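Observations on the three-dimensional arrangement
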Protein chains: 2
Amino acid sequence: MKTKRFILQENELPRQWYNIQADMVNKPLPLLHPGTKEPLKPEDLYPIFAEELSRQELNQTDSFIDIPEPVLEKYTYYRSTPLVRAYGLEKALDTPAHIYFKNESVSPVGSHKLNSALAQAYYCKMEGVKNITTETGAGQWGTALSYAASVFGLDAAVYQVKISYEQKPYRRSVMQVFGAQVTPSPSMSTRAGKDILTVNPNYQGSLGTAISEAVELAQMTPDCKYTLGSVLSHVTLHQTIIGLEAEKQMEMAGEYPDVVIACFGGGSNFGGISFPFMRHNILDGKKTRFIAAEPASCPKLTKGKFEYDFGDETGYTPLLPMFTLGHKFSPANIHAGGLRYHGAGVIVSQLLKDGYMEATDIEQLDSFKAGCLFAKAEGIVPAPESCHAIAATINEAMKCKESGESKVLLFNLSGHGLMDMSAYDQYLAGDLVNFSYNG
Amino acid sequence: MKTKRFILQENELPRQWYNIQADMVNKPLPLLHPGTKEPLKPEDLYPIFAEELSRQELNQTDSFIDIPEPVLEKYTYYRSTPLVRAYGLEKALDTPAHIYFKNESVSPVGSHKLNSALAQAYYCKMEGVKNITTETGAGQWGTALSYAASVFGLDAAVYQVKISYEQKPYRRSVMQVFGAQVTPSPSMSTRAGKDILTVNPNYQGSLGTAISEAVELAQMTPDCKYTLGSVLSHVTLHQTIIGLEAEKQMEMAGEYPDVVIACFGGGSNFGGISFPFMRHNILDGKKTRFIAAEPASCPKLTKGKFEYDFGDETGYTPLLPMFTLGHKFSPANIHAGGLRYHGAGVIVSQLLKDGYMEATDIEQLDSFKAGCLFAKAEGIVPAPESCHAIAATINEAMKCKESGESKVLLFNLSGHGLMDMSAYDQYLAGDLVNFSYNG
């Protein structure tokens, strides 16, 4: 019998995260203060983020950072996640490629987001914080943060992008079961939300807007910090647990990836699985390819500009050197809510600029077609975001079929789509469309 | 660091199912032919079920039955499921009890049902069957069967109890993603459905009715067999993979359960986790207690009669010697759709009669209260069915708190509740009620 799943025992779990900033040939350009335009120091971030997270954000010297014991203990609730050989998908495609996926959907909250949520909630708790705020698109990050807050005894306030709040009401329910307060964004509870609703009362929201609201609430509330589910370097740092595990698991499988693929919203899922392997490209001369799969309607990596821009709609955040479609860009209402973001993290942006990785565009209909094929072949209904990674993987597998090459492909199944079935309903009924990008 | 999760490697997986019928002191009474009232032989079941499944149903001699290699291979997609020490729940309850749960919710379809669905689809395929029919309550069995049919290249037709079809539309979507045809029951597509709708046009359906429809379709269609998600002995046989794994995993944890608990609909989930441990009560003098947790509104074990009764509403099935509320019993519209069934499997019924196990009633509101507590403590939103097991476990844990005993409690988390969030919404809003039993 061929081995299908590879799982690490508890004593084999990585005990450190990997900080690729320390190994990068060209470091990311500095973040700039939104007011003074001066390079940021960690202290400048303290009013918004926990201090340790602020230091991690700007740490360009330590390649590995210890995972605190209480976080590691919570990781053991669901980690290691399985590395799975997708024999079913290979057969369905009739490809000689060896396809593996890292199954983050088995996390208790259904996605990889918990890896950073637990870390962020822990550091906040340690520093005496009582409340944490955040935004969420598809709801996966909000769910993870709500649970992590409950684990460490914090109150959580989540601004959920209105389009997702309406498309996915049950995500809200899960957050509420975990005890969080959930508000659709834009809302009238913040100045940022009021300003946007005044101009456009029917605005369906975006991650950029929801970030403005959550940051504003954190700034206005005592003992309150803001947390973020992607984009920032410390979030990606925490997500490297995915790739570090995958590295050991690929070794169990006796293979090494030729191509690593992940969907791309802000970059933490992509960086999480990629950076531990990219390390060997940088340091050991490996030639693995890394492909970020973004929605064709929100193509910051393939059609954006590399420049300083804000992380949010209103302009509360530091200026980030990144590939961006502009912080006023309003993404189309695709179902992959987690990918509806105008910019890319600063590390990924620099790596793309320097040629360490590639990006590809996926149309919405192609993403769901890939998702349905995967569901039938592997039994897991993937999140709309993850469908983008699957579509990109299928493209590579079909190239292998043409060339006859048995390349090893590894993608991250960032989450399941069981809360997104209305989107699948629409796809199966023929009611979904593609959205073009008019940049 | 305390170990939280115990997982078997692929080479440690059980390779046989456990057939408790062979070890029972008092064997179950024979099933009777619905027409002749004669004891059934396997051949009598061939028109409805695959032949191998019919033989397994009546096998009272072989204690262990080999799991076919192709089924075992599919099991490795998600098995072993984790055995988890519920430290979070223990802390929340402040109990000295050691609480473990077997996490079947990580199955690709979200519940334990896949364990039997794969086996049944496989045997049907081997015997040249092209179509399989079934009923589903909450939708968990229908989802599992739809995926299993897709795995083995069969067409699936699923009758979903109308109340669940309406309460949980996204279960239907998942079945459709897997390629199944889903019909709300009662429907006008069968004589059984028509007869019921004629008398009661607004009938919300029950498992008993849906079984009648699925059996009728199987009888009327060439190359078609019927499959069932619980109640029958061969279904429970396949589910013993849960308890057989748990036995090895409890050994890894260095403990042995004092109490084993599962929710109870037809008995396959309960028998699945219990029977491998009960074996040691029968053969080795162990004194483990086994508790079946059923809904207070559908209390066949605690308030039903032990007698011969039909498995379905219309009377198509063999007569089964079982604890039953009567096959015309119409269960209240609780959200735990998988527990809305009038009878108990024949093995469990005999074991209850003989004192090898106990049963307890759980009110709907208590079940959701327990589910929310568990979700906050362990991060997993449990299925409404599983909430009954959790409530019963909490009751036992609180007794331990009173007595100061560190008993080892093991329950089966049969599935997650991510498709049942409307029920949680109603609970959190205070809109749910208890239903009394008026037998």
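Another aspect to go through is helix α2 (residues 51-58) of chain A. By the burial criterion, the buried members of α2(A) are Leu53(A), Ser54(A), Gln56(A) and Glu57(A). Burial along α2(A) is one-sided: seen end-on, the buried residues are contained in an arc of 160°.

All names here are of chain A. Mapped onto the secondary structure, Lys-225 falls in strand β9 (residues 224-226). Each C-alpha atom of the pair Lys-225 and Ala-50 lies 6.7 Å from the other, and the pair is 175 residues apart in sequence. If sequence neighbours within four positions are ignored, Lys-225 has contacts with Tyr-46, Pro-47, Ile-48, Phe-49, Ala-50, Cys-124, Val-129, Asn-131, Ile-132, Thr-133 and Ala-218.

For the rest of this paragraph, the subject is empty space enclosed by the protein. The tally for this structure, following the rule as stated, stands at 15 cavities of 30 Å³ or more. Space inside the largest cavity adds up to approximately 580 Å³. Residue assignment for the lining of the largest cavity shows that the elements contributing at least two residues are β5 (98-103) of chain A together with β5 (98-103) of chain B. Of the residues contributing to the lining of the largest cavity, the split by class is 25 nonpolar, 14 polar and six charged.

With that settled, consider the pattern of salt bridges. Residues and elements named next belong to chain A. Per the stated rule, a full pass over the model turns up 35 salt bridges over all chains. A salt bridge links Glu-358 to Arg-289, with the shortest nitrogen-to-oxygen separation between them at 2.7 Å. Of the two residues, Glu-358 is situated in strand β14 (residues 358-362) and Arg-289 in strand β11 (residues 289-295); the sequence distance between them amounts to 69 residues. Owing to a relative accessible area of 30%, Glu-358 belongs among the partly exposed residues under this scheme. Assessed through its relative accessible area of 24%, Arg-289 is described here as partly exposed.

This next bit is on the domain arrangement of chain A. Residue and element names in this part refer to chain A. When the domains of chain A are assigned, the result is domain 1 (72-110 + 234-428) and domain 2 (112-231). Each of domain 1 and domain 2 has a C-alpha centre, and the two are 23 Å apart. With 46 residues of domain 1 at the contact, the number on the domain 2 side is 44 residues. Carbon and sulfur atoms supply 57% of the area that domain 1 and domain 2 bury against each other, a total of about 3,500 Å² over both sides. Our count for the contact surface shared by domain 1 and domain 2 stands at one salt bridge. Arg-171 is the salt-bridge partner of Asp-420, the closest N and O atoms lying 3.6 Å from each other. Our count for the domain 1 to domain 2 interface comes out at 16 residue pairs in polar contact (both at pLDDT 80 or more). Secondary structure elements with two or more residues in the side of domain 1 that touches domain 2: α3 (69-75), α11 (233-253) and α12 (268-284). Looking at the side of domain 1 that touches domain 2 element by element, the count peaks at six residues for α11. Across the side of domain 1 that touches domain 2, the residue classes tally to 16 nonpolar, 22 polar and eight charged.

Cut-offs and rules
- Along each chain, residue indices are assigned from 1 in the same order as the chain's sequence is written.
- All chains are assigned letters beginning at A, and all ligands numbers beginning at 1, according to the order in which they are written.
- Local features are withheld for residues below a pLDDT of 70 in this predicted model, meaning they are given only at 70 or higher, and side-chain atom pairs are given and counted only at 80 or more; totals for whole chains, interfaces and linings count all residues.
- To get the side-chain values, all heavy atoms of the structure are used, and hydrogens and water are removed first.
- When a residue's accessible area, from a 1.4 Å probe over protein chains only, is under 20% of the maximum for its type it is buried; when over 50% it is exposed; and in between it is partly exposed.
- Strands here are runs of E lasting at least two residues and helices are runs of H or I lasting at least four, both read from the DSSP assignment and numbered beginning at the N terminus.
- Here the arc refers to the set of directions running from the helix axis out to each C-beta atom.
- Contacts are assigned to residue pairs that have any heavy atoms within 4.5 Å of one another.
- Method remark: on a 1 Å grid restricted to protein atoms, a set of points is classed as a cavity if a 1.4 Å probe fits but cannot get out and as a pocket if it is open with protein on both sides within 12 Å along at least five of seven lines; lining residues have an atom within 4 Å of a point.
- Grid points are joined across faces, edges and corners, and a volume is the space filled by probe spheres set on the points.
- When residues are sorted by character, Ala, Val, Leu, Ile, Met, Phe, Trp, Tyr, Cys and Pro go into the nonpolar class, Asp, Glu, Lys and Arg into the charged class, and all the rest, Gly among them, into the polar class.
- Salt bridges, as used here, are contacts in which a Lys or Arg side-chain nitrogen is within 4 Å of a carboxyl oxygen on Asp or Glu.
- Start and end points for every domain follow an automatic or database-based domain assignment.
- Put simply, buried area is the surface a 1.4 Å probe can reach on two separate parts but cannot reach once they are joined, added for both.
- Side-chain atoms alone can form a polar contact between residues adjacent in sequence; in general such a contact is a pair of N or O atoms within 3.5 Å, and within protein one must be able to donate a hydrogen while the other accepts it.

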